[in-house]
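# Structural overview
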Amino acid sequence: MKLAIAPAATLLSSSVAHSLEATGSSHGGGLRASTKRRKYQSQRDLMEGMDNFTPLPCNVDLTVDACDGTTLLSSIIAAATLEAEALMNATNATSYPPGMEATIPCGSCAIADLSEGSTFVAPTGIDVQGMLYFSHSTHGTLETAHMIVQGVLKIDPPENLGANRVTIRLIGPDEDVFLAPHPHNTMACMSYT
């Protein structure tokens, strides 16, 4: 499992039980992990500095009220998957190209429109720069190669504890995923380029 949580950036990726470490700092700290077994200390050092990420200003006024149902997660995933598959076909690639995540733009809200136990598959991963909202009535499974949260991930408690359930299953390959930060946080990564 790949998980990196900083004050304003989160990454989830598949593969369980390789490495996970909890760290703290005076700047907020977080959890850091890698899907690859670390052979060299320098691989861990690349994760340092995540405390420099700050909340995105384009989300400052973003609330659940902005989730009016016009932007659906299923539509965003479908568009990203079609684009990635077209590139794969054009280049004869056998796997999804990196950096083609289904992206929820900063300042906007996408509703996870899972219902009646449905399953959505996001083979290219998901990059949440705005808000991804799972309402109390959401019921189903989201399978994704990885999930990067630079904005807001909001999951309401289910309205019916016995019937409604949200599952996020990470299905991506056992490899590192590189974050392309929102322009607001680009400087947080500059010392690592």
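Described in the following lines is the structure provided in the data block.

The rules behind these values
- Residues numbered from 1 in each chain as written.
- Predicted model: local features only at pLDDT ≥ 70, side-chain atom pairs only at ≥ 80, totals over all residues.
- Heavy atoms only, no water.
- Helix = DSSP H or I, 4+ residues; strand = E, 2+ residues; numbered from the N terminus.
- Buried < 20%, exposed > 50% of the residue type's maximum accessible area, 1.4 Å probe, protein only.
- Contact = heavy atoms within 4.5 Å.
- Areas by Shrake-Rupley, 256 points an atom, 1.4 Å probe, with all protein chains shown as cover.
- Core = buried A, V, L, I, M, F, W, Y, C linked by side-chain atoms within 4.5 Å.
- Pairing = 2+ DSSP bridges.
- Axes fitted to C-alpha atoms, helices over the stretch in contact; angles between N-to-C directions.
- Polar contact = N/O pair within 3.5 Å; in protein donor to acceptor, adjacent residues only side chain to side chain.

### Some remarks on the overall build of the chain
A tally of helices and strands in the chain yields three helices and 13 strands. Looking at the chain as a whole, 42% of its 193 residues qualify as buried. Within the chain, contacts between residues at least 6 apart in sequence are counted, and of these 59% link residues at least 24 apart. In the structure as shown, the chain presents an accessible area of about 10,300 Å², 56% of it carried by carbon and sulfur atoms.

### Observations concerning the nonpolar core
Formed by 18 residues in total, the largest nonpolar core has its most connected members in Leu73, Ile77, Ile104, Ile126, Leu132 and Leu142. For this core, the element with the most residues is helix H2 (residues 73-91), which contributes four residues. Judged by nonpolar contacts, the second largest core, of six residues, contains Leu62, Cys67, Ile111 and Tyr133.

### Things to note about the sheet that holds strand S6 (residues 109-111)
Strands pair in a sheet through their backbones, by hydrogen bonds, and they do so in one of two ways: parallel or antiparallel. The strand order across the open sheet formed by three strands is S6-S9-S12, and the pairing between neighbours is parallel. Each edge of the open sheet carries a strand with a single partner, namely S6 and strand S12 (152-155). Each strand axis lies, on average, 15° off the axis of its neighbour in the sheet, ignoring direction. Inspection of the sheet shows strand S9 (residues 131-134) paired to S12 by four bridges, in the parallel sense. Bridging from a neighbouring strand, Tyr133 pairs with Lys154 of S12.

### A short note on the side chain of Asn164
As for its position among the elements, Asn164 is in the loop between S12 and strand S13 (166-170). In this structure the side chain of Asn164 is engaged in a polar contact, spanning 3.3 Å, whose partner is the backbone oxygen of His136.

### Brief notes about the sheet that holds strand S7 (residues 118-122)
Here we have three strands laid out as an open sheet, ordered S7-S10-S13, and parallel in their pairing. A single partner strand is all that each edge strand has here, and the edge strands are S7 and S13. Each strand of the sheet is rotated relative to its neighbour by a mean of 15°, with strand direction disregarded. In the sheet, S7 pairs with strand S10 (residues 140-144) via five bridges, with the strands oriented parallel.

### A closer look at unusual backbone geometry
Keep in mind that most residues, glycine aside, have a negative phi and that most peptide bonds are trans. Even without being glycine, Asn92 reaches a positive phi, approximately 55°. One non-glycine residue with positive phi stands out, namely Glu116, at about 55°. By secondary structure assignment, the location of Glu116 is in the loop between S6 and S7.

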